[in-house]
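# Breakdown of the fold
Listed below are the residues making up each chain.
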Amino acid sequence: MPEYCLIFDKDFSLVGFKNTHILSSMRLIVVVSFFLVSGFAFTNKLYAQIQKPFTVVIDAGHGGKDPGNRGNNYYEKKIVLSIALKTGALLKNQKDVNVVYTRTSDSYITLNGRANIANKAKADLFVSIHCDAHNSNAYGAGTFVLGLHRNQDNFRVSQKENSVIFLEDNYEQEYDGFDPNNPESVISLVLMQEDYLNQSIEAANYIQQSFVKNLKRKNRTVKQAGFLVLRNTYMPSVLVETGFLTNSSEGAYLNSKRGQNEMSRAIANAIMQYKSSLDGTLFNGLIMDSSSTANENTDYIEDSNFIKYRIQIAASTKKIETASYNFKGLSPIIRKQKGSLFRYYYGEFSTYNDASKAVEKVKSKGYKGAYVKAFKEGVEVSITPEMKSN
Ligand SMILES: [Zn+2]
């Protein structure tokens, strides 16, 4: 946890502040006042008010060798990672919020490993993010807390999410003989989270309301089921099923940049509402910071099955805000970092032809070296003759 220390220049005017790492889990809110003692000497006093930040663990389900569900050929692991990172990015802009991720890349983490991360962080809330799948046309978002499933459908969701333990070598020992396929097995899980049940339901309600009110997602309500990932966390814990990848329109929505931005915003808003309900502060909506808006984390949010074309207009070691006024009025601009180099791209086109036409416009603005690049799932790919003729 950072401790803030203020930096002054020779004239005792505040020029900045920097992080140090002396105290753990404490944050100092520093009030500075100056007292003029004589014409040549100053003293200043620091009044510190100590307040613990709200720590939330954002858990992107699945990852690595565990792809999650593959409804409509999407990858649950990719979609939930994108939503998780965007949610975290929004929360990091808020006051007194500390964000911990269980994973920030395509890596495999066991269910107990996720709980351990949350416990180690002494988190105030654990939020696990998933996408559902069903062989019907089912759609809608649902939020779960740990408990006894009341019906077959709730059991089905937990069974699907719990079955990832079969990828672990010693799952029988690790999960005390828990059998994801046996509905009775759940009873052994429930006691562990009982202390946190009310608060978990509270948090889940904020999330579910946010989906329904803000995004008009179909309300699958707050439910209880035996999710292993929620068993060993010592804090209020919820699992979010953001929607069904198997439903063609909901799957496309969740796989799109817009869907992921909206879902993450809804989750982040709900988490802030929950936090405010605990500390009695007023919450007026998310604070946005243009340098870290969700739109800019582009590396995880590409639609998986399509090639996209962008026009590279500049590369620089300088990190420039992607506002249009920095780029001769061009918008949208995205920035991608590779090593110490930032590349700046204009637009997003679904065909090479459209992108080529736009290159002329970009060149006429003064970016003489502009050219088209192709991306698949956020990764640059070379442009083939087929792409050009398509
Ligand atoms: Zn899942």
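Scroll up a little and you will see the structure.
Reference entry: report on the structure contained in this document. (Residues numbered from 1 in each chain as written. Predicted model: local features only at pLDDT ≥ 70, side-chain atom pairs only at ≥ 80, totals over all residues. Heavy atoms only, no water.)

## Focus: the pairing of strand β5 (residues 54-60)
For a regular strand, side chains alternate in direction, first toward one face of the sheet and then toward the other. Burial runs high along β5: 7 of the 7 residues are buried. As judged from the 5 bridges shared by β5 and strand β6 (residues 97-101), these two strands associate in the parallel manner. Each residue of the ladder has a partner; that of Ile58, found in β6, is Tyr101. Assessed by its sense of winding, the connection that carries the chain from β5 through helix α1 (residues 76-92) to β6 is right-handed. (Buried < 20%, exposed > 50% of the residue type's maximum accessible area, 1.4 Å probe, protein only. Helix = DSSP H or I, 4+ residues; strand = E, 2+ residues; numbered from the N terminus. Pairing = 2+ DSSP bridges. Right-handed = clockwise from strand over helix to strand, strands pointing away.)

## A word on the sheet that holds strand β12 (residues 333-338)
The strands making up a sheet associate through backbone hydrogen bonding, with each pair oriented either parallel or antiparallel. Taken in spatial order, the 5 strands make up an open sheet running β12-β13-β11-β14-β15, and their pairing is antiparallel. Only two strands of the sheet have a single partner each, and these edge strands are β12 and β15 (379-381). Taken pair by pair, the neighbouring strands of this sheet meet at an average axis angle of 50°, ignoring direction. Here helix α9 (residues 352-364) sits on the sheet in contact with β11 (307-316), β13 (341-349) and β14 (371-376), set at roughly 25° to β11. (Axes fitted to C-alpha atoms, helices over the stretch in contact; angles between N-to-C directions. Contact = heavy atoms within 4.5 Å.)

## Some remarks on the coordination of the zinc ion
For the zinc ion, the full set of protein donor atoms is His62 (NE2), Glu76 (OE), His130 (ND1), Glu161 (OE) and Glu161 (OE), at a range of 2.0 to 2.5 Å. We note that the donor set of the zinc ion lies within a single chain, spaced as H-x13-E-x53-H-x30-E. Here His62 is found in the loop between β5 and α1, whereas its partner Glu76 is found in helix α1, with 14 residues between them in sequence. A residue is classified by how much of its surface remains accessible, and His62, at 5% relative accessible area, is buried. Given the relative accessible area of 1%, Glu76 is considered buried. (Donors = N, O, S within 2.8 Å, 3.2 Å for Na, K, Ca; no water.)

## Examining the nonpolar core
Core analysis: the largest hydrophobic core is formed by 41 residues, its most contacted members being Val56, Ile58, Leu91, Val127, Phe211 and Ile271. The contact partners of Val127, leaving out residues within four places of it in the chain, are Val56, Val57, Ile58, Asp59, Ile207, Val238, Val240 and Ile271. (Core = buried A, V, L, I, M, F, W, Y, C linked by side-chain atoms within 4.5 Å.)

## Points about helix α8 (residues 257-279)
Taking 1.5 Å of rise per residue, 23 residues should cover 33 Å, and α8 covers 33 Å from first to last C-alpha, within 8% of that figure. Two residues or fewer after α8 comes Gly280, characterised by a positive phi angle close to 70°. (Expected span 1.5 Å × (residues − 1).)

## Quick look at the sheet that holds strand β8 (residues 141-146)
The 6 strands lie next to each other as β6-β5-β7-β10-β8-β9, forming an open sheet whose pairing is mixed. Both edges of this open sheet fall to β6 and β9 (219-225), since each of them pairs with a single strand only. Averaged over all adjacent pairs, the angle separating strand axes in this sheet is 25°, with direction ignored. Sheet analysis places strand β7 (residues 125-132) next to strand β10 (residues 237-244), joined by 6 bridges and oriented parallel. Pairing of Ile129 across the sheet is with Val240, part of β10.

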